[in-house]
Amino acid sequence: MSRIFCPVDFLDSSWSSLKTAYDLAIRSQGVLILMHAYHLDINTLNYNQGTWEEQVEEECAIKLNQIINQLIAYKPDLTIKFEKVLSKGFAVDKIVEESINCRADIIILNSKGSEGFSDKVAGSVSTNVIESTKTPVLIIPVKIDSIQFKKIVFSFQPEMMDKTNFTFLVKLIKMYQAELIIFSVLGEEVSREDQSKFEQKITKRIEEHGFYQFQLEFVQGDDIIQELEKYSSNHPIDLLVMVRGKKNFWEKMFKKGNTRKMAAQIEFPLMIMQEN
């Protein structure tokens, strides 16, 4: 995990995700890739487009350099490598495309939650990126100012056992020297014997990756999001990790997935890993 990809929109609300990306790049001794997507005003497309586009790119490049200087001032005693990417087009498309071109290991975005009309119709940038990329996505709520991933909750279901990138998860936990809680919602029909088998399997998978200190939390219920909300109301969560399963066309059209629902109403940092 050495190539940290962080899209920016030059708004103050980007600062929470920027600081998180900078901190992660420092911890991984990696590269922080700052990316901005822009598009030209339709009224100017037929009027000296070349000059206009050059002017927009020049202004964006200046702003990216300003952000880099602000980040360096944030932790002046630590240095990392930066890369800058400017791309013409719509945000979601360009974030996915450029993250592939840059060989990003993780995408870090901010989120205000899904509140506006356009978000309810089309979804926010963060949720649409989640559904369009194979790269892990870390979403940081705007209101989060200081990131301390000391307690990481991994929401995990038995059916994802062979589809989860445990290597990536364990690297992140070790990087932050965090406490890991594996949280699983089991249906009412799951027997104590089946739960015990699941405990043994997940314990073995985590320990295979050299991590031995973690807690298992099992609750019975049918709604994962509801149970997570109950849990988070009584237990502090610094980071919630979920695995997004693949869906076919009709499921995408008619069923809002758990990861999308959680991303839309996020109260704390959320990382979405795509299934293997």
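Residues numbered from 1 in each chain as written. Predicted model: local features only at pLDDT ≥ 70, side-chain atom pairs only at ≥ 80, totals over all residues. Heavy atoms only, no water.

Outline a negative patch on the surface, listing residues and values.
Where like charges cluster on the molecular surface, the negative patch consists of E188, E189, D222, D223 and E229. Relative to the assigned elements, E189 resides in the loop between β7 (179–186) and α7 (192–207). (Patch = residues over 30% accessible without salt bridge, like charges linked within 9 Å, V, L, I, M, F, W, Y side chains within 5 Å. Areas by Shrake-Rupley, 256 points an atom, 1.4 Å probe, with all protein chains shown as cover. Salt bridge = Lys/Arg side-chain N within 4 Å of Asp/Glu carboxyl O. Lys, Arg positive; Asp, Glu negative; His and termini not counted. Charge placed at Lys NZ, Arg CZ, Asp CG, Glu CD. Helix = DSSP H or I, 4+ residues; strand = E, 2+ residues; numbered from the N terminus.)

Just give me the short version of the sheet that holds strand β1 (residues 3–7), but keep the residues and values in it.
Across the sheet, ten strands lie side by side as β3-β2-β1-β4-β5-β10-β9-β6-β7-β8; this open sheet has mixed pairing. Of all strands in the sheet, those with a lone pairing partner are β3 (81–88) and β8 (214–220), marking the two edges. Neighbouring strand axes in the sheet, compared pairwise and without regard to direction, differ in orientation by 25° on average. Sheet topology note: the strand β6 (residues 151–155)/β7 ladder contains five bridges and is parallel. Within β7, the position partnered with V153 by the bridge is I181. The sheet contacts of helix α1 (residues 15–28) involve β1, β2 (31–38), β3, β4 (106–111) and β5 (137–141), and relative to β4 the element is tilted by about 155°. Against the sheet, helix α6 (residues 166–176) contacts β4, β6, β7, β9 (239–244) and β10 (270–274), and its axis sits at roughly 155° relative to β10. (Pairing = 2+ DSSP bridges. Axes fitted to C-alpha atoms, helices over the stretch in contact; angles between N-to-C directions. Contact = heavy atoms within 4.5 Å.)

Please set out the confidence of the model for the protein chain residue by residue, giving values where relevant.
Confidence in the prediction for the protein chain averages 81 pLDDT; 84% of positions are at 70 or higher. Mean pLDDT values for the elements of the protein chain range from 36 in helix α4 (residues 117–122) up to 96 in β1. Low pLDDT, under 50, characterises residues 113–123; the predicted model gives this stretch twelve contacts beyond four residues in sequence or across chains. (pLDDT = per-residue confidence, 0-100.)

Before we move on, could you go through unusual backbone geometry and cite the residues and values that matter?
Across the chain, the bulk of peptide bonds are trans and the bulk of non-glycine residues have phi less than zero. Phi is positive for F10, close to 70°, though the residue is something other than glycine. Looking at F10, the relative accessible area reads 23%, which means it is partly exposed. Phi angles above zero are rare outside glycine, and Q29 is one such case at about 50°. In this structure, Q29 sits in the loop between α1 and β2. (Buried < 20%, exposed > 50% of the residue type's maximum accessible area, 1.4 Å probe, protein only.)

Account for the packing of aromatic side chains, naming residues and giving values.
Scanning all chains against the criterion turns up eight aromatic pairs. The interplanar angle of 50° and the centroid separation of 4.9 Å between the aromatic rings of F183 and Y231 together place this pair among those described as tilted. Placement of F183 in strand β7 and of Y231 in helix α8 (residues 224–234) is noted, with a sequence separation of 48 residues between them. The pair F183 / Y231 is uniform in exposure class, with both members buried. A network of ring pairs unites the aromatic residues F154, F156, F166, F198 and F218 as a single cluster. (Phe/Tyr/Trp six-rings, centres within 6.5 Å; stacked < 30°, edge-to-face > 60°.)

Explain the nonpolar core residue by residue, including any values.
Counting residues in each nonpolar core, the largest one holds 52 residues, and the members touching the most others are I4, L24, L32, F154, F156 and M271. Sorting elements by how many residues they give to this core places α6 first, with eight residues. Residue contacts for M271: discarding those within four places in its chain leaves I106, V137, L138, F168, L172, L239, L240, V241 and M242. Counting 29 residues, the second largest nonpolar core, distinct from the first, contains V153, F183, V185 and I224. (Core = buried A, V, L, I, M, F, W, Y, C linked by side-chain atoms within 4.5 Å.)

Which residues make up the side chain of T133, and what are the values?
Tracing the chain through its elements places T133 in the loop between α5 (125–130) and β5. Within the local environment of T133, its side chain forms a polar contact with the backbone nitrogen of T135, the two atoms lying 3.0 Å apart. The contacts of T133, once residues within four sequence positions are left out, are V96, S99, I107 and Q274. (Polar contact = N/O pair within 3.5 Å; in protein donor to acceptor, adjacent residues only side chain to side chain.)

Give me the lowdown on the pairing of β7, citing residues and values where you can.
Side-chain direction in a regular strand flips from residue to residue, so the side chains alternate between the two faces of the sheet. Burial runs high along β7: seven of the eight residues are buried. Following the backbone out of β6, through α6 and into the adjacent parallel β7, one traces a crossover that is right-handed. As paired elements, β7 and β8 share seven bridges and run parallel to each other. Residue I181 lies in a different strand from β8, and its bridge partner there is Q215. Read from β7 through α7 to β8, the crossover connection turns out right-handed. (Right-handed = clockwise from strand over helix to strand, strands pointing away.)

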